[in-house]
Amino acid sequence: MTAHRAHKNSTDHTPCARPKRLAVLLSGGGRTLANLQHCIDAHELDASIKLVIASRQCPGVQRARMLGLHTRVLPGDIPRDTLVQLLAEQEIDWIILAGYARLLPIPPGYENRVVNIHPSLLPNFGGPGMHGMRVHEAALAAGVKVSGCTVHLCDNEYDTGPIVLQRVCPVLEGDTAETLAQRVFELEKEAYPAALSMLFSGQVAVDGPNVRMIKG
Ligand code: GRF
């Protein structure tokens, strides 16, 4: 496991420029996983998915296996020792939440190296129970005129932690939760790899609740 900081406060903790080794955690359809693998294959993201952990049998597990990824199904909360061992075995640099429905306590050594994407403009419409269509139903019920997605570093709560990047789209007349979800997911496909590239290259630094660009 790498431990050296390349830059004070920088999000890049690795001493040399090898592709980042990712663990992707999921509980659902696996579209986010598939998109990240697509971006890696297209050389748009300098990373390699070394481990997929699913909290249940779900379409994302089939997708991961079809992609030939090393995949484990660990129902419920992952025992801390099990997680620490899996991360060490695969020399994981970053943990990427991709529709993971459980709360993941940050493993030791992974502070500011666990990332999540949420399909709303946090801090709106996040928190326990806010997943899937519920997020978009809540946005429509609140009458917001814009929605979007948020990529953030994780802390030990649901959908909080320093925001890395947000993307915005309109909420249109006649939207249903499904049409809004589809529009937001199109943003997610671009936002997650863009945010991860910023983090992996150490272009940003975490300063309390703020993620700031490092001036060159
Ligand atoms: C995405 O909308 C993401 O924002 C949220 O969970 C969803 C995952 O979808 N965290 P999928 O399982 O990748 O299809």
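Here is what the cut-offs are and how they apply
Position labels on residues start from 1 in each chain and follow its written sequence. Local features in this predicted model are restricted to residues of pLDDT 70 or higher, and side-chain atom pairs are both shown and tallied only at a pLDDT of 80 or more, whereas totals for entire chains, interfaces and linings draw on every residue. The side-chain values count all of the structure's non-hydrogen atoms but skip hydrogen atoms and water molecules. A 1.4 Å probe rolled over the protein chains alone gives each residue an accessible area, and that area as a share of the maximum for its type sets the label: buried under 20%, exposed over 50%, partly exposed in between. In DSSP terms, a helix is any run of H or I states spanning at least four residues, a strand is any run of E spanning at least two, and both are numbered starting from the N terminus. Directions pointing from the helix axis toward each C-beta atom define the arc. Should any heavy atoms of two residues lie within 4.5 Å, those residues are counted as being in contact. Working definition: a ring pair exists when centres of Phe, Tyr or Trp rings (six-membered ring for Trp) sit within 6.5 Å. Plane angles under 30 degrees give stacked, over 60 give edge-to-face, the rest tilted. Only when the NZ atom of a Lys or the CZ atom of an Arg is both within 6 Å of the ring centre and within 35 degrees of the ring normal do we say a charge sits over the ring. Residues grouped as a nonpolar core are buried Ala, Val, Leu, Ile, Met, Phe, Trp, Tyr and Cys residues, joined through side-chain atoms within 4.5 Å. Bear in mind that the domain bounds are from an automatic or database domain assignment. When two parts are brought into contact, each loses some accessible area as probed by a 1.4 Å sphere; the total of that loss over both is the buried area. The term salt bridge refers to a pairing of a side-chain nitrogen on Lys or Arg with a carboxyl oxygen on Asp or Glu at a separation within 4 Å. Disulfides are defined as cysteine sulfur pairs within 2.5 Å. If a single non-hydrogen atom of a residue is within 4 Å of a molecule or strand, that residue counts as near it. Throughout this description, a polar contact denotes any pair of N or O atoms lying within 3.5 Å of each other; where both atoms belong to protein, one of them has to be capable of donating a hydrogen while the other can accept it, and for residues adjacent in sequence the pair is counted only when both atoms sit in side chains. Surface accessibility follows the Shrake-Rupley procedure with a 1.4 Å probe radius. Residue values consider only the protein chains on display as shielding. Just so you know the grouping, Ala, Val, Leu, Ile, Met, Phe, Trp, Tyr, Cys and Pro go in nonpolar, Asp, Glu, Lys and Arg go in charged, and all remaining residues, Gly too, go in polar.

Quick one: what's the story with helix H4 (residues 133-142), residue by residue and with numbers?
All of the buried residues in H4 are Val135, His136, Ala138 and Ala139. For H4, the buried positions fall inside an angular range of 155 degrees around the axis, keeping them on one side. Buried positions along H4 lie against strand S5 (114-118) and helix H5 (177-200).

Describe the packing of aromatic side chains, and please don't skip the residues or the numbers.
Pairs of aromatic rings are described using the distance from one ring centre to the other and the angle between the two planes. Tallying each qualifying case throughout the model produces one aromatic pair. When the centroid spacing of 5.3 Å and the interplanar angle of 50 degrees are considered together, the rings of Trp94 and Phe200 count as tilted. Residue Trp94 is found in strand S4 (residues 94-97), and its partner Phe200 is found in helix H5; the two are separated by 106 residues along the sequence. Trp94 sits in the buried class, given a relative accessible area of 1%. The exposure class of Phe200 is buried, given its relative accessible area of 6%. Above the face of the Phe185 ring, Arg31 is positioned so that its terminal group lies 3.8 Å from the ring centre. If you follow Arg113 out to its NZ or CZ, it ends over the ring of Tyr110, 4.8 Å from the centre.

I'd love a proper account of the nonpolar core, names of residues and values included.
Grouped together as the largest cluster of nonpolar side chains are 45 residues, with contacts concentrated most on Ile49, Ile96, Val115, Val164, Leu196, Leu199 and Phe200. When residues of this core are assigned to their parent elements, the largest contribution, 10 residues, is made by H5. For this core, the domains that each give at least three residues are domain 1 (19-110) and domain 2 (115-216). Apart from the residues within four sequence positions on either side, Val115 is in contact with Trp94, Ile95, Ile96, Leu97, Val151, His152, Leu153, Cys154, Tyr192, Leu196 and Leu199. Core analysis: the next-biggest nonpolar cluster, separate from the first, contains 18 residues, Leu74, Ile78, Ile92 and Tyr100 among them.

Help me get a handle on the domain arrangement of the protein chain, residues and values and all.
For the protein chain, the assigned domains are domain 1 (19-110) and domain 2 (115-216). A straight line from the C-alpha centre of domain 1 to that of domain 2 covers 19 Å. Summed over both partners, the interface of domain 1 with domain 2 buries about 1,600 Å², with 67% contributed by carbon and sulfur atoms. The three residues of domain 1 that bury the most area against domain 2 are Trp94, Leu97 and Leu103, which together make up 31% of that side's buried surface. In this assembly, domain 1 and domain 2 are joined by zero salt bridges.

How would you explain the state of the cysteines if you had to name every residue and give the values?
In the structure shown here, the tally under the stated rule is zero disulfides. As a non-bridged cysteine, Cys169 has Cys149 as the owner of its nearest cysteine sulfur, 8.0 Å distant.

Could you give me a rundown of the site of the ligand, with the residues and numbers involved?
In the neighbourhood of the ligand, the contacting residues comprise Gly28, Gly29, Gly30, Arg31, Thr32, Gly99, Ile117, His118, Pro119 and Glu188. Contact distances for the ligand include 2.9 Å between an oxygen atom and a backbone N or O atom of Gly29. The contact in question runs from an oxygen atom of the ligand to an N or O atom on the backbone of Gly30, over 3.0 Å. Coverage of the ligand by the protein chains reaches 84% of its 370 Å² of free accessible surface. At the level of elements, helix H1 (31-41) and S5 are the ones that each hand at least two residues to the shell around the ligand. Here the shell around the ligand is built from residues that sort into two nonpolar, six polar and two charged. Counting contributing residues, the shell around the ligand receives three or more from each of domain 1 (19-110) and domain 2 (115-216).

Let's hear about unusual backbone geometry: which residues, and what values?
Following Leu122, the chain continues into Pro123 via a peptide bond in cis, with omega recorded as 15 degrees. Position of Pro123 relative to the elements: it lies in the loop between S5 and H4. The backbone phi angle of Glu91 is positive, close to 50 degrees, even though this residue is not glycine. By secondary structure assignment, the location of Glu91 is in the loop between helix H3 (80-89) and S4. Phi angles above zero are rare outside glycine, and Asp159 is one such case at about 60 degrees. Tracing the backbone through its elements, the reader meets Asp159 in the loop between strand S6 (146-153) and strand S7 (163-170).

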